[in-house]
Amino acid sequence: ALAALIKTAGWQDETLHILGHSMGGHLAVRAADYFGDQIGSVIACAPMMVPRQKPIWFIRMLAWLFRQAGFQSHHVPFTKIPNIKALQSFMPHNPLTYDEAGFAWQTRWLFDRPELRRYGASNGWVGAAYRSSVSYTLNQAFLKQLKQPFLIVDAADESIVSRAAIKQAAQTIPNAEYHLMPDARHELFNEKQETYDMLWHIMDAFWAKQLS
């Protein structure tokens, strides 16, 4: 999909600087390898180097079994899909953000286009996510051969993706800069204003070095 976007936009001969969050961070790491020298730098915010749930081998086995049984497009077992109003209610202990306004922003568009709503992961997505993680973002040999400058931003109160895997990747990628955001949860771009401002300050400083 990214290759198609680059071609359609006419960016085949442009140096690209990628910013990805969560699963987008995972795909940004893979894109650095896939597109090679065309990628000038990568920023990965709260990247999904691997989802938080373990053990990996067991989850992969279950996902494979569900796929073999034809349930790849079904939600993972025990998924409860709340109604939109329940999703809109701010819960102080939610895993996404400390900011009430940022929390509400994530569901606002659902009221305009409820038919676009998606919730939770399918068995097929889980299998693909863990397969990609094992092959790439948890693979030390893969990470060591990445050439681009990386900025990896981690949330101190992260509970959606594995912080251990994020830190390991930051230590393994040769030219990686690591920042830990205090008092922040997974949705860094929907966090409190001081966290949001700090995040952009760090990213601006990183881009200034790459583009100077």
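I will try to describe carefully the structure that is included in this document.

Structural notes on the sheet that holds strand S2 (residues 39–45)
Strand order in this open sheet of four strands is S1-S2-S3-S4, and the pairing throughout is parallel. With partners counted over all chains shown, the strands left at the sheet margins are strand S1 (16–21) and strand S4 (176–181), one partner each. When the angles between neighbouring strand axes are averaged without regard to direction, this sheet yields 10°. When S2 meets strand S3 (residues 150–155), the two strands line up parallel, connected through four bridges. For Val-42, the partnering residue across the bridge sits in S3 and is Phe-150. Sheet strands touched by helix H2 (residues 23–35): S1, S2 and S3. Its angle to S1, the strand with the most contacts, is close to 150°.

Let's talk about the nonpolar core
Grouped together as the largest cluster of nonpolar side chains are 29 residues, with contacts concentrated most on Val-29, Met-49, Leu-143, Leu-146 and Phe-150. In this view, Phe-150 contacts Val-29, Ala-32, Val-42, Ile-173, Asn-175, Ala-176, Glu-177 and Phe-206; residues no more than four positions away in its chain are not counted. Formed by 14 residues, the second largest nonpolar core is a distinct cluster that contains Cys-45, Ala-46, Leu-151 and Val-153.

What counts and what doesn't
Residues numbered from 1 in each chain as written. Predicted model: local features only at pLDDT ≥ 70, side-chain atom pairs only at ≥ 80, totals over all residues. Heavy atoms only, no water. Pairing = 2+ DSSP bridges. Helix = DSSP H or I, 4+ residues; strand = E, 2+ residues; numbered from the N terminus. Axes fitted to C-alpha atoms, helices over the stretch in contact; angles between N-to-C directions. Contact = heavy atoms within 4.5 Å. Core = buried A, V, L, I, M, F, W, Y, C linked by side-chain atoms within 4.5 Å. Buried < 20%, exposed > 50% of the residue type's maximum accessible area, 1.4 Å probe, protein only.

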